[in-house]
Amino acid sequence: ETGVTQTPRHLVMGMTNKKSLKCEQHLGHNAMYWYKQSAKKPLELMFVYSLEERVENNSVPSRFSPECPNSSHLFLHLHTLQPEDSALYLCASSRGGAGTGELFFGEGSRLTVL
Amino acid sequence: GNSVTQMEGPVTLSEEAFLTINCTYTATGYPSLFWYVQYPGEGLQLLLKATKADDKGSNKGFEATYRKETTSFHLEKGSVQVSDSAVYFCALEEDQGGSEKLVFGKGTKLTVNP
């Protein structure tokens, strides 16, 4: 148990669907992250929120829309995705600015786009 | 930009064999360096870290030394166990106020056979 919970664990959606991934952390952290993990590629940082404000958006297509309503919750809203968006989406949190480099990851949401 | 290169896998070893997973980095300045591990079906977790040149990080029998001269941070373990089977990620930290921005390598899958 890492203190970071992601739901759903598995999601299959068509290209015209709208769905959301949810992440919740119970560690009292101030920063939250979305990463994309694809086979044979480095982890791709998608979004970073610090104190509920977005501080990083690495040129992610607009079909991915993040939302951070408070420091414990992070969402990734998905719409009109493409098959190449199929991947494991990892949420992480950290104490924010601590300089420890320690991220606490959830188990991921495995997304398949048909 | 900053980047991390780690040896291509997969790596397959017998129990009690010696393990080395190579990692080199490209960065401005002297970033902190990390090894993360991802066990099957789980998110990533921090294995060890080193924050300055010649530091040695260690945990669970794994070690890695920050080598500024060769810009390397190779992971080693003297005697691997079946339970060490996982994917190992090398990472460096970029300066980012308010959050932890890590740049990851592609990961190296290790399988240890009994």
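Let's shift gears to the interface of chain B and chain A. The partner chain A presents 28 residues to the 20 residues of chain B that form the contact. Roughly 1900 Å² of surface becomes buried between chain B and chain A when both sides are summed, with 51% attributable to carbon and sulfur atoms. If you sort the residues of chain B by the area they bury against chain A, B:Leu44, B:Glu100 and B:Phe104 come out on top, with a joint share of 31%. For the interface between chain B and chain A, the tally reads zero salt bridges. Where chain B meets chain A, there are three residue pairs in polar contact (both at pLDDT 80 or more). Those elements giving two or more residues to the side of chain B that touches chain A turn out to be strand E5 (33-38), strand E6 (44-50), strand E10 (86-94) and strand E11 (101-104) of chain B. Residues belonging to the side of chain B that touches chain A are distributed by class as follows: seven nonpolar, seven polar and six charged.

Tallied over the full model, the rule gives two disulfides over all chains. In this model A:Cys23 forms its disulfide with A:Cys91; the gap between the sulfur atoms is 1.9 Å. Negative torsions about the S-S bond denote left-handed disulfides, and the value of about -75° found for A:Cys23 with A:Cys91 makes this one left-handed. Within this pair, whereas A:Cys23 is found in strand E3 (residues 18-25), its partner A:Cys91 is found in strand E9 (residues 87-94), the two being separated by 68 residues in sequence. A sulfur-sulfur distance of 1.9 Å marks the disulfide that ties B:Cys23 to B:Cys90. Its S-S torsion of about -70° marks the bond between B:Cys23 and B:Cys90 as left-handed, since a negative value means left-handed. Note that B:Cys23 is positioned in strand E4 (residues 23-26) and B:Cys90 in strand E10, a separation of 67 residues in sequence. Each of the two residues, B:Cys23 as well as B:Cys90, counts as buried. Unpaired in this structure, A:Cys68 has its nearest cysteine sulfur neighbour in A:Cys91, at a distance of 9.1 Å.

Procedures and definitions
Residues numbered from 1 in each chain as written. Chains lettered and ligands numbered in written order. Predicted model: local features only at pLDDT ≥ 70, side-chain atom pairs only at ≥ 80, totals over all residues. Heavy atoms only, no water. Contact = heavy atoms within 4.5 Å. Buried area = accessible area lost by both parts, 1.4 Å probe. Salt bridge = Lys/Arg side-chain N within 4 Å of Asp/Glu carboxyl O. Polar contact = N/O pair within 3.5 Å; in protein donor to acceptor, adjacent residues only side chain to side chain. Helix = DSSP H or I, 4+ residues; strand = E, 2+ residues; numbered from the N terminus. Nonpolar A, V, L, I, M, F, W, Y, C, P; charged D, E, K, R; others polar. Disulfide = S-S within 2.5 Å. Buried < 20%, exposed > 50% of the residue type's maximum accessible area, 1.4 Å probe, protein only.

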